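# Tertiary structure, described
Chain by chain, the residues:
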Amino acid sequence: MMPLIKQTLIIDLINTFWITGVFVTLFVWLPLKSSHIAATKQTNFQIVGFYLRTSLMAIAGVLCLSYLHLLNWLTLALLYIVYLMINYLERYNWQLKGCQQTAQDKVFNLIDILDQGLSFKYLIKAIYDNYQQSKQQFTDYLANLIIKQGIGFIAISTIVLGFVLLLRWEHPLLELRFSRPESYGDLLLTQQILTGQYPETNYLPVFPALAAMLSLLGSIDAMQVIRFLSPILGLIIILGVGYLVCVLTDNAYSALASMFALGAYLFTWKQVVNPESSAWLMKIIDSLNSSLVRQWTGNKLELGVIFVLLGLGYCFNADQQQRKTTVFKINFVCSIILIGMSTPPLLILMAIAPIGLLGGKKVALVAITSTWIILAFFAVLAQGELLWTQGFLLTLPVALSLLTGLLFNQIAEAGKLLSAKWAETFCLALFLALAFNFLLPLAPKLTYVEYEITARKTLEIKELLPRNSWTLAAPVEQLAEIYGSGWYEDLALFVEKYAEQASKLEFNFPVGETDLFVFVEKIPFITFGEQLSTLPNSILGDRTYGYYRSASGRASLEFEALQMCEAYRQKHPKSEVYFENNELRIYRFPAV
């Protein structure tokens, strides 16, 4: 078992590095390369601007192509190339002659290289030279950062990054299955987009569109993309918090404090209050505790937060001259459109930005943070009546992180009266010490809906067998995992239709000319550790709850499925057990 676990972990590590590399390449590296900005002149301001513009192109492009039933690898690649060409033209002030001359020179250079013969030795030398150049640029950047901020700043930044990676990648690396049931809905929408069937939803599937782009251009399974894209978004939120705080306070240490607060998630609480006397406080505590899981299972709400943070930071990071340029206006409008597409209520925070232009950057930070927190409290006090405020409650940790950076900045400013040189470093060290001792997060309460081995075996069947040559009879989660690759039968309906006929010699499962795989749990999976005592009638009458979420209902279904498969297997000698362990048995019934 241990070699298998190690092999699986290595493959998962390769997947996360590949997905992260594809994301950085598509949304940062290639757009910057196409703009002809030298690496030494690239600033956070320019990187953020290109990220916002690229995100709008990606999401809107995928949605439009999917709606027109034109989405495939080729059309998406062509759209992205056109976008890069537009960036290229922009740097030449839309002068086609300059671009044409540059393109001709590059083509002639390529022809010369091909004419001389591209030797393996020349290729290795070019790669090595490029590596040495990148290495030198990174070394110079790090040296300048140490000179400017000091070695203590670098050490604390490393600690913050360590907590970020540990908290956001630990569970996705260890578990292929999703720890938030709503992620299966995102996966199904992504699969529908990939198969050319525009999903019928009452909102724009922004997160699935982004996942579909990475899946197509990176040749990655959609489940793996969603699995690791979500913690990537969690990392970007933390960088966005630090970027906004640094811009609005002009204090890198305040940015580190806010990043650490969210990166290490210092907002979980033990329930030490009386639930009856403080119902509103309990709701806030429950929301903060449950939001810990959202740190690695983000979706469109987290995307909206990213666009708010980066949009505000981009706006306030620009000087008066830059705000007059067309590029700034385009990028800022992109952030507004992206927020409207993902989470429209967050536009309220963008509307507060003019306060900062009138009263100063710190006033803007106070206004944004206080508005965010006040709207989160409105969501609690309204008891579900103001649905548009729920997003502020779910993202309250981000507002609290901004508040942490604001308070730290004020405390550090007061500390400078005693020691202007060491006040910020001392305050940050004290903050970290207190956090390590009293504020580290509690263990999250995860809600899985399937066994880990079930998800892995589902993807194994999907990867090994030809498309649409097999049928899967399993719980509802497997529909999202195999959509577009194989046929699906709901296990409960399958048992209802064929359980009584399975023991007959002349009976065959009517699944066409496809192999049938039936997933049967030997130990029925328990979704909720403690069964809820009171549930609404709408949930009690739901088939999904009755067959798959209720412990008794799932146990009864799995028992009947086991009897059905064993009876059918006795009458059909070619049947086999594809996989079996202590938890799961997968039957394979060949096509008749």
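Residues numbered from 1 in each chain as written. Predicted model: local features only at pLDDT ≥ 70, side-chain atom pairs only at ≥ 80, totals over all residues. Heavy atoms only, no water.

## Let's talk about the overall build of the protein
Put simply, the test is: To qualify as a helix, a DSSP run of H or I must reach at least 4 residues; to qualify as a strand, a run of E must reach at least 2; elements of each kind are numbered from the N terminus. Each residue is assigned to one of three classes by its accessible area relative to the maximum for its type, calculated with a 1.4 Å probe on protein chains only: buried under 20%, partly exposed between the two thresholds, exposed over 50%. Residue contacts are defined here by distance: any two heavy atoms, one from each residue, within 4.5 Å place the two residues in contact.
Assigned secondary structure in the protein consists of 26 helices and five strands. The proportion of buried residues among the 592 residues of the protein is 48%. Of all intrachain contacts in the protein linking residues separated by at least 6 positions in sequence, the fraction that spans at least 24 positions is 71%.

## A word on the sheet that holds strand 2 (residues 487–490)
Formally: Strand pairing is assigned whenever DSSP identifies at least 2 bridges connecting the two strands. Lines fitted to C-alpha atoms define the axes, with helix axes restricted to the stretch in contact, and inter-axis angles between N-to-C directions lie between 0 and 180 degrees.
What the five strands build is an open sheet, ordered 2-1-3-5-4; its pairing is mixed. Looking at which strands have only one partner, the edges of the open sheet turn out to be strand 2 and strand 4 (576–580). The sheet shows a mean angle of 20° between the axes of neighbouring strands, taken without regard to direction. Here strand 1 (residues 470–474) pairs with strand 3 (residues 515–521) via four bridges, running parallel. From the neighbouring strand, leucine 472 faces strand 3, where its bridge partner is phenylalanine 517. Strands in contact with helix 21 (residues 452–464) are strand 1, strand 3, strand 4 and strand 5 (584–589); relative to strand 4, the strand with the most contacts, it is inclined by about 130°. The sheet contacts of helix 26 (residues 551–571) involve strand 3, strand 4 and strand 5, and relative to strand 5 the element is tilted by about 40°.

## A look at unusual backbone geometry
Residues other than glycine seldom take positive phi values, yet aspartate 250 does so here, at roughly 55°. Following the sequence through the fold, aspartate 250 ends up in the loop between helix 9 (222–249) and helix 10 (252–263). With a phi close to 60°, asparagine 468 is a non-glycine residue in the positive phi region. As for its placement among the helices and strands, asparagine 468 is situated in the loop between helix 21 and strand 1. For asparagine 468, a relative accessible area of 33% puts it in the partly exposed group.

## Some thoughts on the pattern of salt bridges
What counts, and what does not: Salt bridge, as applied in this entry: a Lys or Arg side-chain nitrogen positioned within 4 Å of an Asp or Glu carboxyl oxygen.
On inspection of all chains with the given rule, the structure shows 19 salt bridges. As a salt-bridge pair, glutamate 182 and arginine 180 come within 3.7 Å of each other at their nearest N and O atoms. Residue arginine 180 is classed as buried on the basis of its relative accessible area, which comes to 10%. A network of salt bridges, in which partner residues are shared, links Asp12, Glu175, Arg177, Arg227, Glu452 and Arg456.

## What about the environment of valine 22?
Mapping valine 22 onto the fold places it in helix 1 (residues 2–34). For the pair formed by valine 22 and glycine 218, sequence separation is 196 residues and the distance between their alpha carbons is 6.3 Å. Among residues more than four places away in sequence, those in contact with valine 22 are Leu214 and Gly218.

## A few points about empty space enclosed by the protein
Our working rule: The distinction between a cavity and a pocket rests on a 1 Å grid over the protein atoms alone: a 1.4 Å probe fits inside a cavity but cannot get out, while a pocket stays open yet meets protein on both sides within 12 Å along at least five of seven lines, and a residue with an atom within 4 Å of a point counts as lining. Grid points are joined across faces, edges and corners, and a volume is the space filled by probe spheres set on the points. For this scheme, ten residues count as nonpolar: Ala, Val, Leu, Ile, Met, Phe, Trp, Tyr, Cys and Pro. Four count as charged, namely Asp, Glu, Lys and Arg, and the remainder, Gly too, count as polar.
Applying the stated rule across the entire model yields two cavities of 30 Å³ or more. Reported here for the largest cavity is a volume of approximately 120 Å³. Forming the walls of the largest cavity are Gly234, Ile237, Leu262, Ser291, Arg294, Gln295, Glu302, Val305, Leu394, Thr395, Pro397 and Val398. The class makeup of the residues in the lining of the largest cavity is six nonpolar, four polar and two charged. For the second largest cavity, the calculated volume is near 90 Å³. Taken together, 13 residues form the lining of the second largest cavity, with Arg177, Phe178, Ser179, Trp296 and Thr297 sitting closest to its centre. Elements represented by at least two residues in the lining of the second largest cavity include exactly helix 6 (151–174) and helix 9. A total of three residues in the lining of the second largest cavity trace back to one element, the largest contributor, which is helix 9. Its residues assigned to classes, the lining of the second largest cavity comprises five nonpolar, five polar and three charged.

## Regarding the confidence of the model for the protein
Just so we agree on the cut-off: You can read pLDDT as the predictor saying how much it trusts each residue, on a scale of 0 to 100.
Across the protein, pLDDT averages 85, with 87% of residues at or above 70. Confidence over residues 1–5 falls short of pLDDT 50; this stretch has zero contacts with residues more than four positions distant or in other chains.

## A word on the nonpolar core
Quick reminder of the rule: In plain words, nonpolar cores are sets of buried Ala, Val, Leu, Ile, Met, Phe, Trp, Tyr and Cys residues tied together by side-chain atoms within 4.5 Å.
Phe27, Ile59, Met213, Leu229, Phe307, Trp372 and Leu402 are the most contacted members of the largest nonpolar core, which has 131 residues in total. The dominant element in this core, judged by the number of residues it contributes, is helix 9, at 18 residues. Excluding anything up to four places from it in sequence, leucine 402 contacts Val241, Leu244, Val245, Leu309, Leu365, Ile368, Thr369 and Trp372.

## A few points about the packing of aromatic side chains
What describes a pair of aromatic rings is the distance from one ring centre to the other and the angle between the planes of the rings. This is how the line gets drawn: In summary, the pairing rule links any two rings of Phe, Tyr or Trp, Trp by its six-membered ring, whose centres are within 6.5 Å, and it sorts them by plane angle into stacked for under 30 degrees, edge-to-face for over 60 and tilted for everything else.
For the structure shown, the criterion picks out 27 aromatic pairs. Relative to tyrosine 198, the ring of tyrosine 67 has its centre 5.4 Å away and its plane inclined at 90°; by these criteria the two rings are edge-to-face. Of this pair, tyrosine 67 sits in helix 2 (residues 44–67) while tyrosine 198 sits in the loop between helix 7 (182–194) and helix 8 (206–218); the two residues are 131 residues apart in sequence, bridging distant segments of the chain. The exposure class assigned to tyrosine 198 is partly exposed, which follows from its relative accessible area of 26%. Ring centres 5.0 Å apart and planes at 75° place the aromatic pair tyrosine 568 and phenylalanine 589 in the edge-to-face group.

## Describing the pairing of strand 3
Regular strands have side chains that alternate between both faces of the sheet. The element strand 3 is extensively covered by neighbouring structure, given that seven of its seven residues are classed as buried. Across the two faces of strand 3 the burial is the same, with Asp515, Phe517, Phe519 and Glu521 and Leu516, Val518 and Val520 all buried. Alignment of strand 3 against strand 5, held across six bridges, turns out to be antiparallel. Within the sheet, the bridge partner assigned to phenylalanine 519 lies in strand 5 and is isoleucine 586.

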